[in-house]
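Descriptive analysis of the structure
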Amino acid sequence: GGSDALNYQGAVIWHYAANAEVHASVSDRARFPVIFELYSTRFGTATPNPTLGPERATNVELGWKGRAGARVHLEGAVFYSDVRDLIQTVVLADATTQTQNVGTGEFYGAEASVDVTVGTTLRFGGNYTYLHRAITDALQPNLRPTGAPTHKAFAQVVWTPVPRLSIVPSLDSAGDRWSDVNPAPAFPYVRTGAYTLVNLSGELRLPGGVEIMVGGRNLLDDNYELAWGFPQAGRSFFVKTRIGF
């Protein structure tokens, strides 16, 4: 077998001021199925679908970015996607699941971000995304879009108490999302994944291009899953070193 697609994208960007711009874009793209979607049996709970075709989406976005004073940078955008031949997991008559092209999808939402510099040692920023997704298939009215939350947000503070040292506390938060359940019950979806993670890292930049970073993720040891049956890591710590030459 095989498949091919012609993708296109166009954008218009208007710099209406020295530090501000508006952009509009439209694209039409295909997403080909991956090997997991084509052939995986999910340890005997799924039926492969080697004839699975690509899904295709028309995407439209309108956005703005600029400044509110010398120290505040703002960005925002709204977007809409019309998806055809949407790739989605469905339940077969033998209670196994299969990845199929199921119909059409309508996705839309908005995102915004802010970055603020306070003095010479403090900077904070954050972003928020709202995403609504719906699937329409006359033969399967109970389908649910899986894998992405409706709400997602991130915020961080970068504190530089002395030159070459940065301390970065952050919050990473997301709402719950639909996930497939295997083996599939009568209604094969469950809500998973709502979390708020507290993270902390510190970076030291030494002479000679040496950087050392230490930190911890999920410091409150939140118990969460992004997909049913796959719990995410609890509290963890790391040390990283980078040498530039």
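The present account deals with the structure reproduced in this document. Because the structure is a prediction, the values reported are computed rather than measured.

Describing the side chain of Thr99
With respect to the element layout, Thr99 can be found in strand β6 (residues 97-101). Taking relative accessible area as the criterion, Thr99 reaches 3% and is therefore assigned buried. Among the polar contacts made by the side chain of Thr99, one reaches the side chain of Arg42 at a distance of 3.2 Å. Setting aside residues up to four positions removed in sequence, Thr99 forms contacts with Glu37, Arg42, Asn49, Leu52, Ile87, Gln88 and Thr89.

Topic: the sheet that holds strand β8 (residues 122-136)
Read across the open sheet, the eleven strands follow the order β1-β2-β3-β4-β7-β8-β9-β10-β13-β14-β17; overall the sheet is antiparallel. In this open sheet, the two edge strands, each paired with only one partner strand, are β1 (8-17) and β17 (236-243). Looking at each pair of strands side by side, their axes are set apart by 10 degrees on average, direction ignored. Here strand β4 (residues 72-84) runs beside strand β7 (residues 104-118); their pairing, made up of 13 bridges, is antiparallel.

Considerations on the packing of aromatic side chains
Enumeration according to the criterion identifies five aromatic pairs in this entry. Between Trp178 and Phe187 the ring centres are 5.9 Å apart and the planes differ by 80 degrees, which places this aromatic pair in the edge-to-face class. Judged by centre distance (5.5 Å) and plane angle (70 degrees), the rings of Phe187 and Tyr189 are edge-to-face. Judged by relative accessible area, Tyr189 falls into the buried class, the value being 8%. Taken together through their ring pairs, the aromatic side chains of Trp178, Phe187 and Tyr189 make up a single cluster. One cation-aromatic arrangement involves Arg133 over Phe107; the distance from NZ or CZ to the ring centre is 5.4 Å. The ring of Phe238 has Lys240 lying over it, and the distance from NZ or CZ to the ring centre is 5.2 Å.

What counts and how
- Residues numbered from 1 in each chain as written.
- Predicted model: local features only at pLDDT ≥ 70, side-chain atom pairs only at ≥ 80, totals over all residues.
- Heavy atoms only, no water.
- Helix = DSSP H or I, 4+ residues; strand = E, 2+ residues; numbered from the N terminus.
- Buried < 20%, exposed > 50% of the residue type's maximum accessible area, 1.4 Å probe, protein only.
- Polar contact = N/O pair within 3.5 Å; in protein donor to acceptor, adjacent residues only side chain to side chain.
- Contact = heavy atoms within 4.5 Å.
- Pairing = 2+ DSSP bridges.
- Axes fitted to C-alpha atoms, helices over the stretch in contact; angles between N-to-C directions.
- Phe/Tyr/Trp six-rings, centres within 6.5 Å; stacked < 30°, edge-to-face > 60°.
- Lys NZ or Arg CZ within 6 Å of the ring centre and 35° of its normal.

Coordinates in, geometry out; function isn't part of it.
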